[in-house]
Amino acid sequence: MFKISNFTNNDDIQIINELGPFQVIEYQRDLSVSPDNAIMSYYCQEMNIKKRQLLCDLSKANITIQAGSMQWMVGNVKATTGIKGAGDLLSKTIRGKVTNESAIKPEYTGSGMLVLEPTYKHIILLDLNEWNQSIVLEDGMFLACDAALKQKIVVRNNFSSAIAGDEGLFNLGITGKGVVALESYCPYEELIVVTLDHDVLKVDGNFAIAWSGTLDFTVERSGKTLVGSAVSGEGLVNAYRGSGKVLLAPVLSEVKPPKEMKEEE
């Protein structure tokens, strides 16, 4: 039996989202400041640059997380590698190499609480039931998921995607019933959801951070001819074709954490 005080019931902490076994908390004020960083902390707060954390209730589901993201855990919690034999180890090692994700993602089981490290990125919770139980993620987006979900390598349909589309040849795909937590530089309120029904979405640049596994991703000319592409000034575009959803970021930006956070990491 355990009791946690002065955490989620602290008036400086707000639960901003919860879905399945996950809760996302946000620190409304950073009280751990010194005269040296007070100005930076003030403007960070004004611009919604706040620390956020993911809380995982293991009594609701076993959880798989990105390696190195655990901060603390309490109660009946056991950590495993999630490896189910030599073949599974080889498969996960290869998947980690080609998707720029950690090869081994630890799995936590039990009935306690798992808390991940704070981040200045936005934490987005997605229910895969709303994505036809299949989603493909941009590199570096994965934070945690229900351990019942299956992870796999998604290979591009052609090599043009890797060479010309400013995307890797491989991506991390997640399938099944459950919730996945993503880290994003943009808040969910600014993300654009495009739902396709036997149609095509063309994007100039890698603004798509996640898309349905049912969609085909290719790279093609923005116009029907080379001359048309040259006139439009766009050249090659990323095309998502079929039926499913695409999650688009309006801008490509990176949130650089304050100096003290870098030192802690």
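Above this text sits the structure in question.
A quick note: this is a predicted structure, and the numbers were derived from the prediction, not measured.

(A) Local environment of the packing of aromatic side chains. Applying the stated criterion across every chain, the model contains 5 aromatic pairs. Ring plane angle 80 degrees and centroid distance 5.2 Å describe the contact between Tyr42 and Tyr43, whose orientation is recorded as edge-to-face. Overall, the relative accessible area of 48% leaves Tyr42 in the partly exposed class. Judged by centre distance (5.9 Å) and plane angle (25 degrees), the rings of Trp211 and Phe217 are stacked.

(B) Main features of the sheet that holds strand β8 (residues 113–116). One open sheet accounts for 5 strands, arranged β1-β2-β3-β8-β5; its pairing is antiparallel. Two strands lie at the open edges of the sheet, namely β1 (13–19) and β5 (70–74), each paired on one side alone. Here the strands of the sheet are splayed against their neighbours by 20 degrees on average, with no regard to which way each runs.

(C) Main features of the nonpolar core. Counting 20 residues, the largest nonpolar core has Leu126, Ile135, Leu137, Ile174 and Val180 as the members making the most contacts within it. The set of elements that each furnish at least two residues to this core consists of β9 (122–127), β10 (134–137), β11 (142–146), β13 (170–175), β14 (179–184) and β16 (208–212). The residues contacting Ile174, other than those within four sequence positions of it, are Leu128, Gln133, Ser134, Ile135, Leu137, Phe142, Leu149, Lys150, Gln151 and Val180. Counting 18 residues, the second-largest nonpolar core is a separate cluster that includes Val24, Leu54, Leu114 and Leu125.

Conventions we followed
- All chains use their own residue numbering, which begins from 1 and follows the written sequence.
- The predicted origin of the model limits local features to residues at a pLDDT of at least 70 and limits the giving and counting of side-chain atom pairs to 80 or more, whereas totals for whole chains, interfaces and linings rest on all residues.
- Here the side-chain values reflect all heavy atoms present in the structure, with hydrogen atoms and water set aside.
- Only rings of Phe, Tyr and Trp enter the pairing, Trp through its six-membered ring, and a pair is recorded when the two centres are within 6.5 Å. The plane angle decides the type: under 30 degrees is stacked, over 60 is edge-to-face, the rest tilted.
- Throughout, exposure labels follow a simple rule: accessible area from a 1.4 Å probe, protein chains only, divided by the maximum for the residue type, with under 20% read as buried, over 50% as exposed, and the rest as partly exposed.
- Here, any two strands with at least 2 DSSP bridges between them count as paired.
- For the purposes of this entry, the term helix denotes a DSSP run of H or I that reaches at least four residues, the term strand denotes a run of E that reaches at least two, and both are numbered from the N terminus.
- To get an axis, fit a line to the C-alpha atoms, keeping to the stretch in contact for a helix; angles then go from 0 to 180 degrees between the N-to-C directions.
- Here, the term nonpolar core denotes a set of buried Ala, Val, Leu, Ile, Met, Phe, Trp, Tyr and Cys residues that are joined through side-chain atoms within 4.5 Å.
- Pairs of residues are marked as contacts when any of their non-hydrogen atoms sit within 4.5 Å.

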